[in-house]
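Inside the fold
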Amino acid sequence: MSLVLDAAAQDLLFREARTANTFTDEPVTEEQVQAIYDLVKYGPTAFNQTPLRVVLVRSAEARERLVKHMAEGNQAKTAAAPLVAILAADNEFHEELPQLLPHFPQAKDMFFAERPVREQSAALNAALQAAYFIVGVRAAGLAAGPMTGFDFAGVQKEFLDDDHTPLMVVNIGKPGDDAWFPRSPRLAYDEVVKTV
């Protein structure tokens, strides 16, 4: 075996994990979300930037406001999930760089003075962090249902501001009955990897 992670952990995080479409009504606690974040915050990003922002949609009123912006096929499962998180990119992440990159505080102005550059970097690095977040949800023994089927402008206006760009909505909880679609195929190693 070439991997040091045991087979059960490999299954939990990758091989058996899939996007969940139904959930039990068991709540997802604040402590669980804190533990997930405390684990995944160490994932690598460029310049140690942390542009990911997470909006936890817990109240019934907020859930109703979110569901109306979801694509029709995503509305029922978003309404029923124990917890829903809006993952967004903070386009003003550079303001934190002097704190996060103390050995190179001038990176803030040297590389990220212009908004289009920040938006591109925030989108890429927050997407990396979002992927770690999903793996962290799995590590907590929960299932994630990440979705991009929603009105991005509507979610931004309803829950964020002009400095934050929504990336995805993630339903979170213990998987319910018939939570999984059948496993879809994946490309084989030799279809993806090239040695030069």
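Below is a short write-up of the structure. Everything numeric here is computed off the predicted structure, so don't read it as measured data. (Residues numbered from 1 in each chain as written. Predicted model: local features only at pLDDT ≥ 70, side-chain atom pairs only at ≥ 80, totals over all residues. Heavy atoms only, no water.)

Digging into the sheet that holds strand 4 (residues 164–173)
Sheet architecture is open: 4 strands sit in the order 1-2-4-3, paired in antiparallel fashion. Sheet topology places strand 1 (52–57) and strand 3 (143–147) at the edges, where each strand pairs with a single neighbour. On average, each strand axis in the sheet is inclined to that of its neighbour by 30°, with strand direction left out of account. Sheet topology note: the strand 3/strand 4 ladder contains 5 bridges and is antiparallel. Looking across to strand 4, one finds that Met 147 is bridged to Val 169. (Pairing = 2+ DSSP bridges. Helix = DSSP H or I, 4+ residues; strand = E, 2+ residues; numbered from the N terminus. Axes fitted to C-alpha atoms, helices over the stretch in contact; angles between N-to-C directions.)

Some details on the nonpolar core
Of all hydrophobic cores here, the largest spans 23 residues; its most connected members are Leu 87, Val 137 and Ile 172. For this core, the secondary-structure elements that each account for two or more residues are helix 2 (30–40), strand 2 (83–90), helix 7 (115–139) and strand 4. Broken down by element, this core gets its largest block of residues, 6 residues, from helix 7. Those residues in contact with Leu 87 that lie beyond four places of it in its chain are Leu 52, Arg 53, Val 54, Ala 130, Phe 133, Pro 166, Leu 167, Met 168 and Val 170. Grouped together as the second largest cluster of nonpolar side chains are 17 residues, Phe 23, Val 57, Ile 86 and Val 155 included. (Core = buried A, V, L, I, M, F, W, Y, C linked by side-chain atoms within 4.5 Å. Buried < 20%, exposed > 50% of the residue type's maximum accessible area, 1.4 Å probe, protein only. Contact = heavy atoms within 4.5 Å.)

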